[in-house]
Amino acid sequence: MTKRVKILLDESEMPRQWYNLAADLPKPPPPPLGPDGNPLSPEQLSAVFPMNLIEQEMTTQRWVDIPQEVLEMLVRWRPSPLHRAVHLEKALGTPARIYYKNESVSPAGSHKPNTAVAQAYYNKEFGVKKMTTETGAGQWGSALAFACSLVGLEAKVYMVRISFDQKPFRKMMMQTWGATCVASPSMETQAGRAVLEKDPDTPGSLGIAISEAVEEAVADKSGKTKYSLGSVLNHVLLHQTIIGLETKKQLEKANEKKVDVVIGCVGGGSNFAGLSFPFILDKINGADIDIIPVEPASCPTLTRAPYHYDFGDNAGLTPLLAMHTLGHGFIPPPIHAGGLRYHGVAPLISHAVNLGLARPQALHQLECYEAAMLFARTEGIIPAPETSHAIAQTIREAKKAKEEGKEKVIVFNLSGHGLMDLVGYDNYIHGRLHDYALSEEELKKYTEDLKQFPTPHIG
Ligand SMILES: Cc1ncc(COP(=O)(O)O)c(C=O)c1O
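Residues numbered from 1 in each chain as written. Predicted model: local features only at pLDDT ≥ 70, side-chain atom pairs only at ≥ 80, totals over all residues.

Draft legend 1. Spotlight on the overall build of the protein. Across its full length, the protein carries 19 helices and 15 strands. Each principal axis of the C-alpha distribution contributes one length, and for the protein these read about 65 × 50 × 45 Å. Sequence separation of 24 or more characterises 77% of the internal contacts of the protein that already satisfy a separation of 6 or more. (Helix = DSSP H or I, 4+ residues; strand = E, 2+ residues; numbered from the N terminus. Contact = placed C-beta atoms within 7 Å.)

Draft legend 2. Representation of the pairing of strand β13 (residues 320-324) within the structure. The element β13 is largely enclosed, with a buried count of five among its five residues. Where strand β12 (residues 307-311) meets β13, five bridges bridge the pair, whose relative direction is antiparallel. For Tyr-307, the partnering residue across the bridge sits in β13 and is His-324. (Buried ≥ 20, exposed ≤ 12 C-beta atoms within 10 Å, placed from the backbone. Pairing = 2+ DSSP bridges.)

Draft legend 3. Up close: helix α10 (residues 206-219). Here α10 spans 20 Å end to end across 14 residues, near enough to the 20 Å set by a 1.5 Å rise per residue. Within α10 the residues assigned to the buried category are Leu-206, Gly-207, Ile-208, Ala-209, Ile-210, Ser-211, Glu-212, Ala-213, Val-214, Glu-215, Glu-216 and Ala-217. The inward-facing, buried residues of α10 abut β6 (130-135), β7 (154-160), β8 (180-184), α9 (190-198) and β9 (225-227). (Expected span 1.5 Å × (residues − 1).)

Draft legend 4. Representation of the sheet that holds strand β4 (residues 82-84). One open sheet holds the seven strands; their spatial order is β1-β4-β5-β15-β10-β11-β14, and the pairing between them is mixed. The open sheet is flanked by β1 (6-7) and β14 (361-363), the only strands paired with a single partner.

Draft legend 5. Spotlight on the site of the ligand. In the vicinity of the ligand lie 21 residues, with Gln-139, Ser-231, Gly-267, Gly-339 and Gly-416 positioned nearest. Of all elements in the fold, only α6 (139-151) and α13 (270-284) reach the threshold of two or more residues within the shell around the ligand. Of the residues in the shell around the ligand, the class split is seven nonpolar, 13 polar and one charged. Both domains that meet at the shell around the ligand, namely domain 1 (6-13 + 65-109 + 234-452) and domain 2 (23-62 + 111-227), each give it at least three residues. (Near = placed C-beta within 6 Å. Nonpolar A, V, L, I, M, F, W, Y, C, P; charged D, E, K, R; others polar. Domains from an automatic or database assignment.)

Draft legend 6. Here's a closer look at the domain arrangement of the protein. Partitioning the protein into domains gives domain 1 (6-13 + 65-109 + 234-452) and domain 2 (23-62 + 111-227). Between domain 1 and domain 2, the C-alpha centre-to-centre distance is 21 Å. Each partner contributes residues to the interface: domain 1 has 55 residues there, and domain 2 has 46 residues. Mapped by element, the contributors of at least two residues to the side of domain 1 that touches domain 2 are α3 (68-74), α11 (234-240), α12 (242-253), α13, β13 and α15 (347-354). Counting residues per element, the side of domain 1 that touches domain 2 draws most heavily on α11, at six residues. Among the residues forming the side of domain 1 that touches domain 2, the class breakdown is 29 nonpolar, 20 polar and six charged.

Draft legend 7. The arrangement of the packing of α6 against helix α8 (residues 168-176) in detail. Contact geometry for α6 and α8: axes closest at 8 Å, N-to-C directions at 10 degrees. When the interaxial angle is binned, α6 and α8 end up roughly parallel. The segment α6 lies against α8, with Gly-141, Ser-142 and Ala-145 engaging Arg-170, Met-173 and Met-174. (Axes fitted to C-alpha atoms, helices over the stretch in contact; angles between N-to-C directions. Parallel < 35°, antiparallel > 145°, perpendicular 65-115°, else oblique.)

Draft legend 8. The sheet that holds β9, seen in detail. Pairing in this open sheet of four strands is parallel, and the strands run β8-β7-β6-β9 from one edge to the other. Two strands lie at the open edges of the sheet, namely β8 and β9, each paired on one side alone. Recorded for the sheet is a direction-independent mean angle of 25 degrees between the axes of neighbouring strands. In terms of strand pairing, β6 meets β9 through three bridges, oriented parallel. Bridging across to β9, Lys-130 finds its partner in Thr-225.

Draft legend 9. The arrangement of α8 in detail. Buried residues of α8: Arg-170, Lys-171, Met-173 and Met-174, and no others. Along α8, the residues classed as buried sweep out an arc of 155 degrees about the axis, all on the same side. Among the exposed residues of α8, those pointing more than 90 degrees away from its buried face are Pro-168 and Thr-176. Gly-178 occupies a position one or two residues after α8 and carries a positive phi of about 95 degrees. (Arc of directions from axis to C-beta.)

Draft legend 10. Inspection of unusual backbone geometry at higher detail. Pro-79 follows Arg-78 through a cis peptide bond whose omega is -10 degrees. Backbone torsion omega between Ser-184 and Pro-185 reads 5 degrees, so that peptide bond is classified as cis. Summarising the element assignment, Pro-185 is placed in the loop between β8 and α9. Positioned with a positive phi, Val-232 is a non-glycine residue whose angle comes to about 70 degrees. Looking at the element boundaries, Val-232 is found in the loop between β9 and α11. Residue Val-232 is classed as buried on the basis of its C-beta count, with 25 C-beta atoms lying within 10 Å.

Encoded structure:
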């Protein structure tokens, strides 16, 4: 008998509801603030998002029904497999049992379509005709392009310039699904032109691309163009919880009674939240689980940045969010994990970290590429550079289990494949990559501006 390596669910076992961590946190997170410094009203968000999603953003209901139409889109690739990484375990000689949730099986190659199809559905329901968005590595832009093609909406994607240049195939995927993709900063918006005027050679940032996409949505006074965000916000994290809910059912099928470590990489936080929030609920209820969000050491938001109110974008068009933030003017170093180059982390995750419910770690890119190479050569899948951060931390934990002689159960989120990110691998293999550490001076410079905003109370 061979060891069982894939734990599968039948389509009929797919969760019918999303899980909302906001219902169970021991203390509520500080609310987003409007330009007047007061808690944001739903109406203030209505120029940007449709009201049905705004309601979801603000709900504290524990379980939210997944509409039938969304289930029918999700079932094209869900439930996703949970794999036991037996070959990686063997290579490491660890007594730990390592599992990974394979979100790379979606049409766009990552977890991002889980929320893209939901957001496209709610926008269509609300009468919207066009959605605008930003994308870092191109995973989110292609996910939204795919989702808009399913429901019949126009999509416009502002792609961070460095990724636009490094990853031309992502742009082609978006075009194949019928979307328009432009490099950001662009000359198409005021926000883009302002940045280009100061720095024509800028690599761009997610913060700048968000400003451009929001500006275009707000400029359409007919209300038929809305903006969409692929991470950070509560409703996006909510849609991703199907990952963790499926994982729990699969671990049960694998006869695992206890999970010791849960790991996900963190950009804005959506794939980490998707896997971990149902486990954070167990932790709130007394389970002993080490829950680890992993970020790049070059963009150390949860591990080194202050917890503060800040804008979600570069130009200051979004509400003020209470989060760990490197400052909305932060221009991250050009590491290959484009989707992790964001200045903030989701308010719900920032708050959970402050409450001691998650233990963030920061890793350098060379260690992550080394881990990705080992993973590719044992398990076979070439992971996205973002995902390699979760794999590197998993390897650290598996080695620790070996040193301690403990049979731990470690679960991580394989958030995406790296088949569109091979330039990064090529650079790694040929020794052209190096690590970037953010100095204390740079950190101080970028976070200096935060003083103008209120300090949130941790509670
Ligand atoms: C494969 C993959 N993993 C992780 C991320 C990080 O985003 P988030 O923290 O929202 O999951 C991205 C973002 O583009 C991604 O493409």
